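# Descriptive structure summary
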Amino acid sequence: MNFELSDAQRMMKEMVREFAEKEIKPRAAEIDRTDEFPWDLWKRMAELGLLGMTLPSEYGGSGMDIVSWAIAQEEMARASVVVADIQLLSTLMQNMILKNGSEAQKQKHLPALGSGEKICIIAQTEPGAGSDVAGIQTTAKLERDGYVLNGTKRFITCAMLADLAIVVATVDKSKGHKGITLFLVEKGTPGFSPGSKEHLMGVKGMATGEVVLDNCWVPKENLLGGEGEGFKRAMISLDTGRIGIGCQALGLAQAAMEEAVRYAKQRTAFGGPIGNLQAVQHKLADMSAGIEAARLRLRHAAWLKDQGRSIIREAAEAKLLASELAVRVTNEALQIHGGYGYSTDFPIERMYREAKVYTIWEGTSEIQRMVIARQLLKEY
Ligand SMILES: Cc1cc2nc3c(=O)[nH]c(=O)nc-3n(C[C@H](O)[C@H](O)[C@H](O)COP(=O)(O)OP(=O)(O)OC[C@H]3O[C@@H](n4cnc5c(N)ncnc54)[C@H](O)[C@@H]3O)c2cc1C
């Protein structure tokens, strides 16, 4: 067993750590306050090659492994989960097109996504269906050698900025998940538009909002994968997403623990630093133990993915552990800050708000438990 990073992975980690410390971290509070998309950091990520990290070189990317990407996700999230998440979105959309697209679709879209010239979104969740993907109501009707899409999507990251969308629709509601189909829809297509912006508790600055499809016609060439294959294809790409989201939760937990340690050393009460109090020390010890355990589960899942192995249970477990950990650690870290933790003077208040989304997006904790248990029942 070798726990050492390769030279390339170590160098990449150092590069991302430096970028995150110097350029991302000083912006995190402002992004949260203004709720504005950090275009400058998006461009810097493109310059540093971070947007096309896992994209093969033939499409202009760096062709790095998932372990490297997982480490980059953690390092960026340690500074700002928002910046990490827009990188995740870019990576996952590239992967979806790479795995499911025709060569023409890959040539057309991947170089522009990997270079950050264009933003692609995934429009799946609807007002009435999130976890239950088979319950979506957006329809795709075959017409004039193409499909007419109708429906409304909610909570779509970067909805207001999308140049391209992977839209999840059903060609036949009576077929349940076997009717689910993926479509590529480009900005400027009549009937495709952003709706209202969401007003969120945290992870602000990602232009999250609705996507409206109103008699939106797309040609047959815009099918991503075959008719009725969307559910299976979307589920496969979820595994990598769960590793990335788990790493973001881990980076956030790590940042919150570091804030708590710093504060515990500097704040005095009853004649000494609060870090000398056993009750505070136990909180810090639990944070560290949980973080190390989650990091191992995440790294192992990422490594298995790089070996081409199935990681349905591993990715769900890693995401579940890391997201619930982030909620616990930010809560305890805020507690260690006392009243100051409840004020915007310290970053822990933002981290506490940001942590909660990790138990919701990319599959809620309840859904992860369902996935894990189903796999266990098959495996043993
Ligand atoms: C900030 C943010 C960004 C997002 N970005 C995107 C995006 O870019 N694209 C996109 O398509 N979606 C996105 N989402 C949507 C997200 O994926 C969904 O919110 C999530 O899947 C949950 O769906 P829901 O909100 O409809 O909740 P529901 O599915 O209605 O769940 C409500 C509750 O019921 C529980 N529940 C549901 N089914 C079960 C079950 N079978 N067993 C046990 N419990 C169950 C859930 O765990 C949850 O606690 C985003 C959400 C947020 C908050």
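Remember, predicted model here, so these are calculated numbers, not experimental data.

### Re the site of the ligand
- Around the ligand there are 21 residues in total, and Q124, G130, S131, T364 and E366 lie nearest to it.
- Of all elements in the fold, only strand 1 (120–123), strand 3 (146–156) and helix 12 (365–379) reach the threshold of two or more residues within the shell around the ligand.
- A per-class count over the shell around the ligand returns twelve nonpolar, seven polar and two charged.
- In terms of domain composition, the shell around the ligand takes at least three residues from each of domain 2 (120–227) and domain 3 (231–379).

### Considerations on unusual backbone geometry
- Residues other than glycine seldom take positive phi values, yet F155 does so here, at roughly 60°.
- On the secondary structure map, F155 appears in strand 3.
- The phi torsion at N215 lies on the positive side, around 50°, for a residue other than glycine.
- Along the chain, N215 turns up in strand 7 (residues 209–219).

### Examining the pairing of strand 5 (residues 180–186)
- Counted residue by residue, strand 5 has six buried out of seven residues, so it is predominantly covered.
- Across seven bridges, strand 4 (residues 164–170) lies against strand 5 in antiparallel orientation. Within strand 5, the position partnered with I166 by the bridge is L184.
- Bridging between strand 5 and strand 8 (residues 223–224) involves two bridges; their strand directions are antiparallel. In the sheet register, L182 faces strand 8, and the bridge partner there is L224.

### What about the packing of helix 4 (residues 66–79) against helix 7 (residues 230–266)?
- Their axes nearest at 7 Å, the elements helix 4 and helix 7 cross at an angle of 35°. Crossing geometry of helix 4 relative to helix 7 is assigned as right-handed. Contact residues: I66, A70, Q73, E74, E75, M76, A77 and R78 in helix 4; T240, I243, G244, C247, Q248, L250, G251, L252, Q254 and A255 in helix 7.
- The residue makeup of the contact of helix 4 with helix 7, split by class, is nine nonpolar, six polar and three charged.

What counts and how
Residues numbered from 1 in each chain as written. Predicted model: local features only at pLDDT ≥ 70, side-chain atom pairs only at ≥ 80, totals over all residues. Near = placed C-beta within 6 Å. Helix = DSSP H or I, 4+ residues; strand = E, 2+ residues; numbered from the N terminus. Nonpolar A, V, L, I, M, F, W, Y, C, P; charged D, E, K, R; others polar. Domains from an automatic or database assignment. Buried ≥ 20, exposed ≤ 12 C-beta atoms within 10 Å, placed from the backbone. Pairing = 2+ DSSP bridges. Axes fitted to C-alpha atoms, helices over the stretch in contact; angles between N-to-C directions. Left-handed = near helix turned anticlockwise from the far one by under 90°. Contact = placed C-beta atoms within 7 Å.

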